[in-house]
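Overview (structure and organization)
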Amino acid sequence: QGPRKVSAIVKGGEGVVIATSERVTVAAVRGEMRTALGSDWKPLASGVVRSFAAGTAVEQPLPVAPKLSATQTVLLALQGGASTTVQAAPSPNVEHRNLTLYRLDGARRTLLSDGEWRTATRQLPELSPGRYEAVATAVDRFGVQSPPSAPLTLRVVGVELPEGARLRDDAILLGRGGRVRLLAADGLEFSYGRSDVFLPAPKDVGLAGGKSTLLRLREPGSPNSELRVSLEPRALTAVVAIGPTTARWPGTPLEVSVKLFDHKGKPVADELKTAPRVFVNVEAVEPTWTHSGNTYTAKVAPRAGTGPWVVRVVVKDDFGELVGRDFIELGGS
């Protein structure tokens, strides 16, 4: 029995009664019920909501469990984490939805967030590499809640880069022998390029034949979940300039510039692990380098004496491979 002379009987199954200052709502979630306003008893079929206010009753179907989908269910986190947007199929009698997000660790489920969802879509928070599950319920204008939705499973694949590797424009730049470790990719399958053959995903991947490689990852047998990762050779080219060509020692200092480009001819602004090296004859010298954009600049002080001198500039990438060099011969003044 409730306020406003409303009574209800649950004959079997599950029923919900919600009393507010304005109305009393009865829902037959599962199984048959009976409700009465005063002594006027009427059956309430399973799956029907009846709400009483101001001496009248309004009926509508129980809200149905939302059907969840995501723009992408397998995500790539090249740095930190990744996020996606969740949608629910339109459904009548829905005032809002409640969305609950869990992190899955084997058989354990850890609650991450739980809250109301009132828009057409919902942007999830940034998720670190791992597996996740989203579950939603729909709530009608009377506060009656639907059964939970089928779980929407999400996966965030992370990467661990080897020394010397870089990220650029959503691509991973690798040395020829570099291997990228995949995080949270267990259970996925992979393929290279346009191949239709998929195999269990390995723990790490690298360049196929030292060339640009497209890595494709997906849940087994699920083309719609495919994730693509571009692996590119980190093949630097260094353009070295030493001048002026008319310089003579002792006298005019030499000015050295080193411009870095990638394998596609685009400027590379990343700092080198080891700065360009300068040699005067066979002796290594250490000028002060300035790095701006894709360019290193330095001045080499003149030597005293009669010469001759050979000044060499050698540039190596982060993997120790030679990517550029030049020299100039100087006579005495």
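See above for the structure.
From a predicted model like this one, the values you see are computed outputs, not experimental measurements.

**Observations concerning the overall build of the protein**
The helix and strand tally for the protein stands at 0 helices and 31 strands. Its C-alpha atoms give the protein a radius of gyration of 34 Å, clearly above 20 Å, the size a compact globule of 333 residues would have. Residue burial in the protein is summarised as follows: out of 333 residues, 42% are buried. Considering only residue pairs separated by 6 or more positions, the protein has 55% of its internal contacts joining residues 24 or more positions apart. Surface exposure of the protein reaches about 17700 Å², of which carbon and sulfur atoms provide 50%. Taking the average place of the 41 positive charges on the side chains of the protein and the average place of its 34 negative ones, the gap between the two points comes to 3 Å.

**Observations concerning the sheet that holds strand S10 (residues 85-88)**
Judged by pairing direction, the sheet is antiparallel, and its 3 strands sit side by side in the order S8-S10-S13 without closing on themselves. If you trace the sheet from one side to the other, it starts and ends with strand S8 (68-70) and strand S13 (121-123), each paired once. This sheet shows a mean twist of 25° between the axes of neighbouring strands, independent of strand direction. Pairing of S10 with S13, which is carried by 3 bridges, proceeds in the antiparallel orientation.

**A few points about the pattern of salt bridges**
Considering all chains together, one arrives at 19 salt bridges under this definition. With a shortest N-O distance of 2.6 Å, Glu189 and Arg218 are connected by a salt bridge. Of the two residues, Glu189 sits in strand S19 (residues 189-192) while Arg218 sits in strand S22 (residues 213-218), which places them 29 residues apart along the sequence. Assessed through its relative accessible area of 13%, Glu189 is described here as buried. With a relative accessible area of 14%, Arg218 lands in the buried category. Of the charged contacts, one joins Arg216 and Glu226 as a salt bridge, the two residues approaching to 3.1 Å between their closest N and O atoms. In this pair, Arg216 sits in strand S22 while Glu226 sits in the loop between S22 and strand S23 (227-233), placing the two residues 10 residues apart along the sequence. We classify Arg216 as buried; its relative accessible area is 7%. Salt bridges here are not isolated pairs; linked through shared partners, they connect Arg166, Arg168, Arg234, Asp270 and Asp318.

What counts and how
- The numbering scheme is per chain: residues are counted from 1 as the chain's sequence reads.
- Restriction of local features to residues with pLDDT of at least 70 applies here, the model being predicted, together with a cutoff of 80 or more for giving and counting side-chain atom pairs; totals for whole chains, interfaces and linings are based on all residues.
- The side-chain quantities take in all heavy atoms of the structure and omit both hydrogens and water.
- The numbering of helices and of strands both runs from the N terminus, where a helix is a DSSP run of H or I of at least 4 residues and a strand a run of E of at least 2.
- Based on C-alpha atoms, the radius of gyration is set beside the globule rule, defined as 2.2 Å times the residue count to the power 0.38.
- Each residue is assigned to one of three classes by its accessible area relative to the maximum for its type, calculated with a 1.4 Å probe on protein chains only: buried under 20%, partly exposed between the two thresholds, exposed over 50%.
- The contact definition used throughout considers only heavy atoms, calling two residues in contact when any of these lie within 4.5 Å.
- What sets the accessible areas is the Shrake-Rupley method with a 1.4 Å probe; for residues, cover comes only from the shown protein chains.
- Counting rule for charge: Lys and Arg are taken as positive, Asp and Glu as negative, and neither His nor the chain ends is counted.
- Note that the charge is assigned to NZ on lysines, CZ on arginines, CG on aspartates and CD on glutamates.
- Strand pairing is assigned whenever DSSP identifies at least 2 bridges connecting the two strands.
- Axis definition: a line fitted to C-alpha atoms, limited for helices to the stretch in contact. Angles are taken between N-to-C directions and run from 0 to 180 degrees.
- Think of a salt bridge as a Lys or Arg side-chain nitrogen and an Asp or Glu carboxyl oxygen that are within 4 Å of each other.

By themselves these figures say nothing about function.
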